[in-house]
Amino acid sequence: MSQTLSPPSPAAPAAAGAPARRRRRTLRGRSWIAVFFLLPALVLLGALVVYPIVWSVVRSLFGPDGFTHFVGLSNYTDVFTDHQTLVAIKNNAVWVVVAPVAATGLGLIFAVLTDRIRWGTAFKLVVFMPMAISMLAAGIIFRLVYDQDPGKGVANAVATGVHDTFFKASAYPGAHPRVAGPGSGTLAGPVGGPYTSRPVSADGGPATLPLVGLQPSTLTGATQAASPSVCPQGALCGTVWLDFQPGGSTPGKIDQGEKALSGVRVEAVRDGRVIATATAAKDGAFALPANRLGASPVQLRLPATNFTEQYAGVNWLGPTLVTWSIIGAYVWMWTGFAMVLIAAGLAGIPRELLEAARVDGAREWQVFRRITVPLLAPVLGVVLVTLVINVLKIFDLVYVIAPGASQQDANVLALQLYLSSFGGGNDQGTGSALAVLLLALVAPAMFLNIKRFRKERSR
Amino acid sequence: MNGRAAVLTAVAVLMIGAAGCGSSDKDASSAPATTGAGGASTLDLPKLDGQKLQVAGVWTGAEQKNFLKVLARFDELTGASTTFVPTGDNVSTFVGSKIQGGSPPDVALLPQPGVLQQFAKEGWLKPLQPAVTKELDQNYSKAWRDLSTYENKQYGVFFKVTNKSLFWYNTAIWEQAGLSTTPTTWEQLLKDGQTLSDSGTPPFSIGGAEGWLVTDWFENIYLSQAGPAMYDKLTKHQIKWTDPSVTKALTTLGQIFGRPDLMAGGTRGTLQTDFPTSVGQVFSDPPKAALVYEGEFIATNITQETTAKVGTDAKVFPFPSVDGGKAPVVSSGDVAVALKDGEGAQALMRFLVSPEAAEIAVQQGGFLSPNKAVAFSNYRDDTVRGIAKNLIKAGDNIRFDMSDQAPAAFGGTKGQGEWKDLQDFLAKPSDVAGAQKQLEADAAKAFAKAG
């Protein structure tokens, strides 16, 4: 356009012989045409970009109830003193630093590794595929991936699988003594164990250690519980069993049909020291040897290791991990994008340079560090800046993945903007202030990108 | 946002059981088919031949179909032609923009008393005519009438309500644990809970991922323990959340929330359990818990998502009384208001306040009416009948959902205000004072902003 509007150079043949009057009219006519052609773009830009920005800035100076209360900059002071927004800003900072770098880094690695593999294209296709999914759908997928229940969430299925390979789960998680009513009082202790009995002595007859809290139907291999049939002189004998069966039974007594809890470890404790241990047999009976016990009474203790709950997996969506988990989902989506752009850049690198370096004796790592990465720098820059802009306005993933209880801990600016404008608060003043803040944060990245485009065009 | 709307949102977002959500727009505008009711009416309704009336409400799916039958009967009696316009989740925005655009619906069903107050304040609502208020005085308890009053003028009729003070239990587990009766006091509930835990099934299934559900727990305890008068004060924020009565209620709530072994999935699992899952895991096979707390609308979830039968596999008992108070009945509901002066709108209000209209809706199921004149025999089965009796019996002690009456920023927003604070309390039930402090801070802020 600018060329059309600039006066014709003296060398231009058209201008040379033409009368001055005609030239002026042509010029005027041309500028009118120029404006005519520019108009649609100007109107659209004005209506869709400039007007909303100006409106937001103006709106941010007013209170929640429309344009009735001018509040000056107090919305901005609110934004910077509100705890929720501060958390959002902090999380946004984590996002901007971690997500683009991780996605670009992984993309670079994938691009370089698949560059010369025969099946590279197929691999790239798979990595790129998540880009075809909307953020909302990806959010729902990852909500499931991070589910606490290992039966549903694959992340926890892996975590528990790995954990259980190295640490055995206890045999009777959740088993506990009765807390109140008949049959209670024999054993006591904090929820989860250890459970300790009152002092007993060997000559007091067999000890009964009744437990409840397990479904009898889950104890498939267990046999009928029984009192110890023979007990050596001076030894302390007893039974550990599930003192419950459907349809009711006498609490504290070994009834017909009640199952033994074999394998439970029983400790004899005196003055806080373990002096003897035994393990319940198949019928739930145990015997603590006489030679270790002595004469005075001891307490029987069922250590907590008998009852440790199954490893519940990682609390992916809990307050501490939720942001990182969501960043994981984001990287899953956008690594493909980075990889494809970097791969395109990689294809443009002259092979001779790499070959020359190799001939000169450079190792592959050196080739990568000193040749590939520097040559890719412009592409990496574009990818990084694009992702930074993209990440600054992240909303959908956070909104969908974070459960209500930890939404605040996963908060980001765009989400806070939505929440304060429409999600209950209905305070579009504060919302607009947040929008302006977000714009101010995105602007430098935009500016960088535009500058880069300019430089590239002038090259 | 009320409970149901929140559920719908959650369901839509998670795309779980989204059936029925999408179809609403299509069958909305089409006038309903004739009902089988027929016959003459005792009501003295005017002839409205050829008049067109519009009714706006949040209902979709089965709820909407049910209401369309009621409207069909009205058309039959008067000759008017009535259409139902679904508003989506946010009724106040929808109706508000319609009013500002100059074409309000004749009648709207608002899900919160707060919206009624707001509309009445704006002067958008038309007060009820004497004939309607007379019937209202006869058939509705004062609690319901007060909720639809603004500055001593009666504006609305609560048409459909919920009873959010119910525990649903799996009868098989109940019997297996050797329990033969249902608890009527909080202590008894805790004791039965322990018995259930002893039998190997965690007693409570709590959808802790839903803030509104956790607030409902608190509201029931508070209403029973502190009494209706205190409940009203806390609702209006006339007493602070740091009040000793709140301390007591939260401590009581902590007797369950502080026992991960009594909650299916423990604390962590509970915080990630959404409402449909919390119902499903009680009535699935094998069940993961014995009891689930929430309103009568759970029956729908049970029927749709499990194979359990309401009335045999799934039974219900009222929320027990806490510390010697009356057993609480916390409710919510949709209130019908007239937005136009015309004869048609007032005639429809006249019809909606009558037991006849309510009975049509009641007979189709999934519906509770606060109208005392509705015969209990109209309810489809004993379970719903019991719930309805419970609701009517509560009379003036019934209270509307507290969080639904608070400014939305405090009582109706995911991850904010009361929802978030009580979820934090669920995560850390030992810190009663901290939870109260946070609740008070958030309440003060939200109430100040709402003016």
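Sequence order sets the numbering: in each chain, residues are counted from 1 along the sequence as written. For this description, chains carry letters from A and ligands carry numbers from 1, given in the order in which they are written. Restriction of local features to residues with pLDDT of at least 70 applies here, the model being predicted, together with a cutoff of 80 or more for giving and counting side-chain atom pairs; totals for whole chains, interfaces and linings are based on all residues.

## Focus: the overall build of chain B
A tally of regular secondary structure across chain B gives 22 helices and 12 strands. Note that the radius of gyration is over C-alpha atoms, with the globule rule given as 2.2 Å times the number of residues to the power 0.38. In terms of C-alpha radius of gyration, chain B reaches 22 Å, essentially the compact-globule figure of 22 Å for 451 residues. With the C-alpha coordinates of chain B rotated into their principal frame, the extents come out at 65 × 50 × 40 Å. A pair of residues counts as a contact when their C-beta atoms, built from backbone coordinates, are within 7 Å of each other. Counting contacts in chain B only where the partners sit at least 6 residues apart, residues at least 24 apart contribute 77% of the total. To qualify as a helix, a DSSP run of H or I must reach at least 4 residues; to qualify as a strand, a run of E must reach at least 2; elements of each kind are numbered from the N terminus.

## Thoughts on the packing of helix α21 (residues 417–427) of chain B against helix α22 (residues 432–450) of chain B
Residue and element names in this part refer to chain B. Helix axes use the C-alpha atoms of the stretch in contact, all axes being lines fitted to C-alpha atoms, and the angles between their N-to-C directions lie in the range 0 to 180 degrees. Packing of α21 against α22 leaves a shortest axis separation of 9 Å and a crossing angle of 175°. What the angle tells us is that α21 and α22 run roughly antiparallel. On α22, the residues that touch Gly417, Glu418, Asp421, Asp424 and Phe425 of α21 are Ala435, Gln438, Leu439, Asp442 and Ala446. For the contact of α21 with α22, the class distribution of residues is 4 nonpolar, 2 polar and 4 charged. When describing relative orientation, an angle under 35 degrees is termed roughly parallel and one over 145 degrees roughly antiparallel, while 65 to 115 degrees is termed roughly perpendicular and anything else oblique. Just so you know the grouping, Ala, Val, Leu, Ile, Met, Phe, Trp, Tyr, Cys and Pro go in nonpolar, Asp, Glu, Lys and Arg go in charged, and all remaining residues, Gly too, go in polar.

## Looking at the domain arrangement of chain B
All names here are of chain B. These domain boundaries are the output of an automatic or database domain assignment. Considered domain by domain, chain B is made up of domain 1 (3–15 + 47–163 + 332–400) and domain 2 (166–328). Each partner contributes residues to the interface: domain 1 has 20 residues there, and domain 2 has 19 residues. Of all the elements in the fold, those that place two or more residues in the side of domain 1 that touches domain 2 are α1 (3–14), β6 (156–163) and α18 (382–393). No other element matches α1, which puts 7 residues into the side of domain 1 that touches domain 2. Classifying every residue of the side of domain 1 that touches domain 2 by side-chain character gives 8 nonpolar, 8 polar and 4 charged.

## Some remarks on the domain arrangement of chain A
Along its sequence, chain A is carved into domain 1 (66–158 + 316–458) and domain 2 (187–306). Domain 1 of chain A and domain 2 of chain A are separated by 57 Å when their C-alpha centres are compared.

## Side note on the packing of helix α5 (residues 83–114) of chain A against helix α15 (residues 413–421) of chain A
Residue and element names in this part refer to chain A. It is at 8 Å that the axes of α5 and α15 come closest, and there the two elements cross at 150°. Overall, the two elements α5 and α15 adopt an arrangement that is roughly antiparallel. Facing Gln84, Thr85, Ala88, Ile89 and Asn92 of α5, the residues of α15 in contact are Leu413, Leu415 and Gln416. Residues of the contact of α5 with α15, tallied by class, amount to 4 nonpolar, 4 polar and no charged.

## Some thoughts on helix α16 (residues 343–353) of chain B
For every residue, the other C-beta atoms within 10 Å of its own C-beta are counted; 20 or more classify it as buried, 12 or fewer as exposed, and values in between as partly exposed. C-beta atoms are placed from the backbone. Here α16 of chain B lies mainly inside the structure; 10 of its 11 residues are buried. If you check which residues of α16 of chain B are buried, you get Gly344, Ala345, Gln346, Ala347, Leu348, Met349, Arg350, Phe351, Leu352 and Val353 of chain B.

## Considering helix α10 (residues 211–226) of chain B
Residues and elements named next belong to chain B. The first and last C-alpha atoms of α10 sit 22 Å apart over 16 residues, in line with the 22 Å expected at 1.5 Å per residue. In terms of residue burial, α10 counts as a mostly covered element, since 16 of its 16 residues are buried. Just beyond α10, the residue with positive phi is Gly227, at close to 90°. Given a helix with a known number of residues, its expected span is that number minus one, times 1.5 Å.

## Focus on the nonpolar core
By size, the foremost hydrophobic cluster in this structure holds 135 residues, and its most contacted members are Val107, Val337 and Met349 of chain B. With 9 residues, α10 of chain B is the largest single contributor of residues to this core. Summarising the domain contributions, this core has at least three residues from each of domain 1 (3–15 + 47–163 + 332–400) and domain 2 (166–328) of chain B. Under the definition applied here, buried Ala, Val, Leu, Ile, Met, Phe, Trp, Tyr and Cys residues are grouped into a nonpolar core through C-beta atoms within 7 Å. In this structure, Ala338, Met339, Leu415 and Ala435 of chain A belong to the second largest nonpolar core, which totals 55 residues.

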